[in-house]
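Below, each chain spelled out in residue letters.
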Amino acid sequence: MAESYNICLDVGGTKVLGAIFNKDRKIVYRLKKKSKEEGNSSQNVEKVIINVVEQMLEESGIKKEQVHAIASCAPGVIDQTKGIVLFTPNLPWRDYDLKGAMEKKFGIPFFVGNDVNLGVLGEYKFGVARGYQNVVGFFVGTGMGGGLILNGELYTGHLFKAAEYGHMILNPEGPLCNCGQRGCLETFSSKQGMSAYIRQQVSRGRQSMMAEAVSEGVFRSKQLKKALKENDPVAVEAVDRACHYLAVATGNMINTISPDLVIYGGGIIEAVGDLFLEKILAEVDRYCMTAIRPTVDIKNASLGDDSVIYGCLALIEEAN
């Protein structure tokens, strides 16, 4: 019998990461491409995804007939049952039938889910959250994503809109968020939030080695890591502020859900996660009920960049 494979895709605002898994859940081939290199339309992003799949098959020598299923994430609100991307902030998709388009192209079953939901699911099935039943996940990147495992199941809520606690309001008079609200967790603790704080401090005449990195948008995680290593005061303040609000949000989620585990993932955690975790742990007890906090573990995600593609694999396996 021929070997069977699954293809898993992490589709973001700037890149598509693809991986081919064998039947033993081992990655046998991977590829990363920019998601906007073909221009900014739904069909062009779809074209990049198709190119990634076709290039991986060609370079790995695996035939299309050997592929059991394909799964992908997308940022935003996803109808996971129908495979339709209802809305995504960083890609040009509105009510977009990604499942239909991909199954028409490849003739292979296709599944899609929200990126952070799948990141948390990946950690639950294959990473640091294995063995836990109730998991709260914060993924700290350009924005702030959330994911929930409740009673051993991914919880997506009514119409797949749950776990948007990056938009938990922590200060009603705080910075304006892209969602239209003020003082969301995302405005303090994401790369966007930290970049905005650094820009504000630089505009007041303060010196920072991060000034150029945030002058035209959001810094890269490795730039922050370097600034922290040099003990840049503005960068340190931005991180302290981010971790303070993450501690507050974590406390709120602990009091609301009573999870057995809280995890932090995403690009920032991949770069400077030990520091973030240390700072959050130093504060979080202030914001939790003393009867609940001792029963909650708090850890960093363990799969790094691969959390989401392992979540895609879990999505395929759960469908069979």
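See the structure shown above.
So, how was this worked out
- Residues numbered from 1 in each chain as written.
- Predicted model: local features only at pLDDT ≥ 70, side-chain atom pairs only at ≥ 80, totals over all residues.
- Heavy atoms only, no water.
- Axes fitted to C-alpha atoms, helices over the stretch in contact; angles between N-to-C directions.
- Helix = DSSP H or I, 4+ residues; strand = E, 2+ residues; numbered from the N terminus.
- Parallel < 35°, antiparallel > 145°, perpendicular 65-115°, else oblique.
- Contact = heavy atoms within 4.5 Å.
- Nonpolar A, V, L, I, M, F, W, Y, C, P; charged D, E, K, R; others polar.
- Expected span 1.5 Å × (residues − 1).
- Buried < 20%, exposed > 50% of the residue type's maximum accessible area, 1.4 Å probe, protein only.
- Phe/Tyr/Trp six-rings, centres within 6.5 Å; stacked < 30°, edge-to-face > 60°.
- Lys NZ or Arg CZ within 6 Å of the ring centre and 35° of its normal.
- Pairing = 2+ DSSP bridges.

S.K.: Looking at this structure, how should I read the packing of helix 3 (residues 115-126) against helix 9 (residues 307-319)?
M.R.: Each pair of packed helices can be described by the angle between their axes along with the distance between the axes. Close contact between helix 3 and helix 9 brings their axes to 6 Å; oriented N to C, the two are set at 80°. Between helix 3 and helix 9, the crossing angle belongs to the class labelled roughly perpendicular. Across from Asp-115, Leu-118, Gly-119, Leu-121, Gly-122, Glu-123, Lys-125 and Phe-126 in helix 3, the residues of helix 9 making contact are Ser-307, Val-308, Tyr-310, Gly-311, Cys-312, Leu-313, Ala-314, Leu-315, Glu-317 and Glu-318. Taken together, the residues of the contact of helix 3 with helix 9 sort by class into nine nonpolar, four polar and five charged.

S.K.: Would you mind going over helix 9 with me for this structure?
M.R.: Since the α-helix turns once every 3.6 residues, residues separated by three or four places project in the same direction. Between its first and last C-alpha, helix 9 extends 19 Å over 13 residues, near the 18 Å set by a 1.5 Å rise per residue. Within helix 9, ten of the 13 residues are buried, leaving the element largely enclosed by the surrounding structure. Among all positions of helix 9, only Ser-307, Val-308, Ile-309, Tyr-310, Gly-311, Cys-312, Leu-313, Ala-314, Leu-315 and Ile-316 are buried.

S.K.: Looking at this structure, I do not really get the packing of aromatic side chains. What am I missing?
M.R.: For any pair of aromatic rings, geometry is given as the distance between the ring centres together with the angle between the planes. Tallying each qualifying case throughout the model produces six aromatic pairs. Aromatic pair Phe-126 and Tyr-310: ring centres 5.4 Å apart, planes at 50°, arrangement tilted. Here Phe-126, found in helix 3, pairs with Tyr-310, found in helix 9; they are 184 residues apart in sequence, far enough to count as distant. As far as the burial class goes, Phe-126 and Tyr-310 line up, both buried. Grouped by ring-pair contacts, the aromatic residues Phe-21, Phe-126 and Tyr-310 constitute a single cluster. The ring of Phe-111 carries Lys-99 above its face, with NZ or CZ at 5.2 Å from the centroid.

S.K.: Is there a simple way to think about the environment of Val-218 in this case?
M.R.: With respect to the helices and strands, the residue Val-218 is situated in the loop between helix 5 (191-203) and helix 6 (221-229). Between the C-alpha atom of Val-218 and that of Met-194, which follows or precedes it by 24 residues, the distance is 8.5 Å. When neighbours within four sequence positions are excluded, Val-218 is seen to be in contact with Thr-142, Lys-191, Gln-192, Ser-195 and Ala-213.

S.K.: I tried to follow the sheet that holds strand 10 (residues 144-150) on my own but got confused; where do I start?
M.R.: Two strands in a sheet stick together by hydrogen bonds in their backbones, pointing the same way (parallel) or opposite ways (antiparallel). In space, the five strands of this open sheet follow the order 11-10-9-12-13, with mixed pairing throughout. A strand with exactly one partner marks an edge of an open sheet, and here the two such strands are strand 11 (153-154) and strand 13 (297-300). Here six bridges tie strand 9 (residues 135-140) to strand 10, and the two strands are oriented antiparallel to one another. What sits directly across from Val-135, in strand 10, is Ile-149. With respect to the sheet, helix 7 (residues 233-257) is in contact with strand 9, strand 10, strand 12 (261-265) and strand 13, its orientation differing from that of strand 9 by roughly 160°.

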